[in-house]
Every structure is written in C-alpha cells, then in structure tokens.
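# Structural description and commentary
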Amino acid sequence: MADDPDPIDRIAFLARSKPRTHVLRQLLNSGPATQRSLRDRIDASRSTIARALTAFEERDWVRRDSGTYQITPVGELVIRDFIDLKETVRLTDELSEFLQWFPMSEYGVEPGQLRSADIVPHTPGDPYAPGRAQTELLNRTEQFRGLFSSLDLEGTKLVHEQVVNGTLEAEITVSSDVDRTIETEAFAPLFAEQLETGRLTVRVADNDPPFYLGIGDEETVQIGVEDDEGFPRALLESTDDSLLEWADEIYREYREAATIKRPEDI
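To keep things clear, this report deals only with the structure shown in the data block. Remember, predicted model here, so these are calculated numbers, not experimental data.

Right, let's talk about the overall build of the chain for a bit. Counting its regular elements, the chain contains eleven helices and eleven strands. Sorting the 266 residues of the chain into buried and exposed places 41% on the buried side. Surface accessibility of the chain: about 14,600 Å² in total, with carbon and sulfur atoms responsible for 46%.

What follows is the structure, given as structure tokens:
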C-alpha cells in the first residue's frame with residue numbers, strides 16, 4: 001500500500017520523476033503495454049520503469065494482468081489532471097508579463113482562452129516589440145476595428161497611408177486622452193484626411209478603454225497592456241474563436257457608448 005495518502009504528497013511523487021509521468025502518459029495514449037515495450041518507448045532504465053509500475057500498482061493507478069500493464073480509471077484521471085496542471089503552469093510562465101497588467105477576472109477572460117495565444121513582451125533589449133507586432137497586424141489586414149488608450153505617430157502614419165491608398169478600412173474607438181492627441185498639430189492633418197475618405201471612422205469612448213484591443217479581418221485579436229506609467233508591457237495575439245467573440249462583445253460595448261468624431265471636429 002502506498003505511504004503517501006495526502007493528495008499533495010501524491011502530486012509530488014508524480015512530479016518528481018519525469019519517467020513516472022512518461023509511463024502513465026504512454027499507458028494513457030497507447031493502451032496496455034509490457035515493461036519491455038515501455039522501455040523501448042521511454043528513455044529510462046529497466047529498474048526505473050519497474051519501480052514506477054510497482055508504485056502505480058500500489059496506488060491503483062495501473063493494473064497488471066499476465067505481465068501487461070493497463071492504466072486504471074483512477075490513473076487516467078490523475079495523469080489527465082496532472083497534464084492540465086502542467087500546461088497551466090507553463091501557460092502562466094509564458095503569460096506572466098501580460099497577466100501582470102491585464103485584469104482577466106474583471107473582463108471575463110478564462111485562462112483556457114489564452115492557451116493558443118502568442119505573447120510579445122516588452123524587454124529591456126527590445127522595448128518596442130509589442131508595437132511592432134501591432135503594426136504587423138495592420139500591415140496584413142484589410143478591415144480593422146480597435147480600442148485605443150494611446151497613440152504613436154509612426155503607427156498613425158502607417159494607418160494613414162493604408163486608409164488613403166484604399167487598402168484598409170478601419171473603425172476605432174479611442175479614449176479621451178487619445179481624442180486630445182488627435183487634435184494636436186502632428187496628428188490632426190493625418191486624421192482629417194483619413195476621415196474625409198470615409199474609410200476611417202473614429203469614435204470617442206464615454207469610458208476610457210483600459211487596454212489596446214485590435215480585431216483584424218474578424219479572424220485575429222490583439223490585446224495590448226501598459227504599465228502604470230503608460231509604457232507598453234506586452235501584446236497578446238490569438239485566433240481563438242471564443243476570444244474573438246469576447247473581443248467583439250467588448251468592442252461593441254465601448255462603441256455603442258461612444259461619440260462619433262467628424263472631420264469638422266478636428
């Protein structure tokens with residue numbers, strides 16, 4: 001009988017040894033196997049695999065029948081949940097810079113929606129990486145919707161060129177700070193010309209968006225987060241359908257409570 005009745009001890013028993021997890025995963029994915037066949041598939045010694053199987057039998061995670069080992073329902077539940085936990089830990093490591101600044105619970109985003117996302121973090125050696133990723137989406141997009149809590153001049157010039165040339169149609173909802181930026185000397189001519197084309201629509205949000213949200217061609221979503229000083233920290237990009245639905249809902253909430261900006265307003 002196993003001497004680790006405490007669930008934490010059982011988790012530790014499994015987590016401390018990669019061969020143990022490999023054995024259980026092999027039995028889960030490939031079905032019943034002998035010790036010999038497991039040795040052929042797993043990079044571990046004969047004694048390591050034998051000890052693992054004996055320990056699993058004691059915990060009722062595997063069952064032996066005539067020299068063949070089969071995972072039990074208990075063992076299947078254990079390894080599936082362990083894999084999920086491992087994936088969650090990996091995910092939080094990759095998303096740490098993003099999660100630090102994004103209020104997930106407040107906006108109803110579930111961790112599972114972010115599993116397939118790509119993260120572009122700010123680093124001391126490359127602080128502009130999130131901005132470049134945002135620009136890359138605009139470069140490959142024909143239709144764009146977005147929430148903006150800040151603007152940069154280079155990105156604005158890029159969008160201006162695409163809108164004026166007819167390669168991009170865009171609708172953006174901006175914060176009150178961005179609205180004031182649009183009316184400054186550097187930005188006003190660019191926005192006025194875009195609005196005149198009819199291919200750009202600008203709305204000013206009633207409540208300031210707390211993050212950047214971009215939706216490209218209704219198939220890619222980006223979420224950009226800033227620190228308390230307004231510096232970009234990370235950008236998340238995903239094609240997950242449920243996250244796209246979430247982004248569409250968030251955008252519509254801000255859009256419906258926003259005031260349209262006309263060329264004569266600039």
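Still more ground to cover, so stick around.
Even without glycine at this site, S66 takes up a positive phi of about 55 degrees. Owing to a relative accessible area of 75%, S66 belongs among the exposed residues under this scheme. Although it is not a glycine, E218 sits at a positive phi angle of roughly 60 degrees. Within the secondary structure, E218 is located in the loop between β8 (212-216) and β9 (220-226).

A few words now on the packing of aromatic side chains. The tally for this structure, following the rule as stated, stands at ten aromatic pairs. Between F13 and W61, the ring centres sit 6.0 Å apart and the planes meet at 55 degrees, which makes this aromatic pair tilted. Of this pair, F13 sits in helix α1 (residues 7-15) while W61 sits in the loop between α4 (46-58) and β2 (62-65), and the two are 48 residues apart along the sequence. One exposure class covers both F13 and W61, and it is buried.

Burial of the side chains of strand β3 (residues 68-71) is restricted to one face: Y69 and I71 are buried, whereas none of T68 and Q70 on the reverse face is. Where strand β1 (residues 33-34) meets β3, two bridges bridge the pair, whose relative direction is antiparallel. Residue pairing across strands places A33 opposite Y69, the latter belonging to β3. Remark: two residues form the turn of the hairpin made by β2 and β3, two consecutive strands paired antiparallel; S66 in that turn has positive phi of roughly 55 degrees.

Strand pairing in a sheet relies on backbone hydrogen bonds, with the paired strands running either antiparallel or parallel. The strand order β1-β3-β2 describes an open sheet built from three strands, whose pairing is antiparallel. Because the sheet does not close on itself, it has two edges, and the strands there are β1 and β2. Running over the sheet, α4 touches β2 and β3 and is turned about 105 degrees from β2.

Conventions and cut-offs
- Residues numbered from 1 in each chain as written.
- Predicted model: local features only at pLDDT ≥ 70, side-chain atom pairs only at ≥ 80, totals over all residues.
- Heavy atoms only, no water.
- Helix = DSSP H or I, 4+ residues; strand = E, 2+ residues; numbered from the N terminus.
- Buried < 20%, exposed > 50% of the residue type's maximum accessible area, 1.4 Å probe, protein only.
- Areas by Shrake-Rupley, 256 points an atom, 1.4 Å probe, with all protein chains shown as cover.
- Phe/Tyr/Trp six-rings, centres within 6.5 Å; stacked < 30°, edge-to-face > 60°.
- Pairing = 2+ DSSP bridges.
- Contact = heavy atoms within 4.5 Å.
- Axes fitted to C-alpha atoms, helices over the stretch in contact; angles between N-to-C directions.

Limitation: the analysis is restricted to geometry and does not speak to function.
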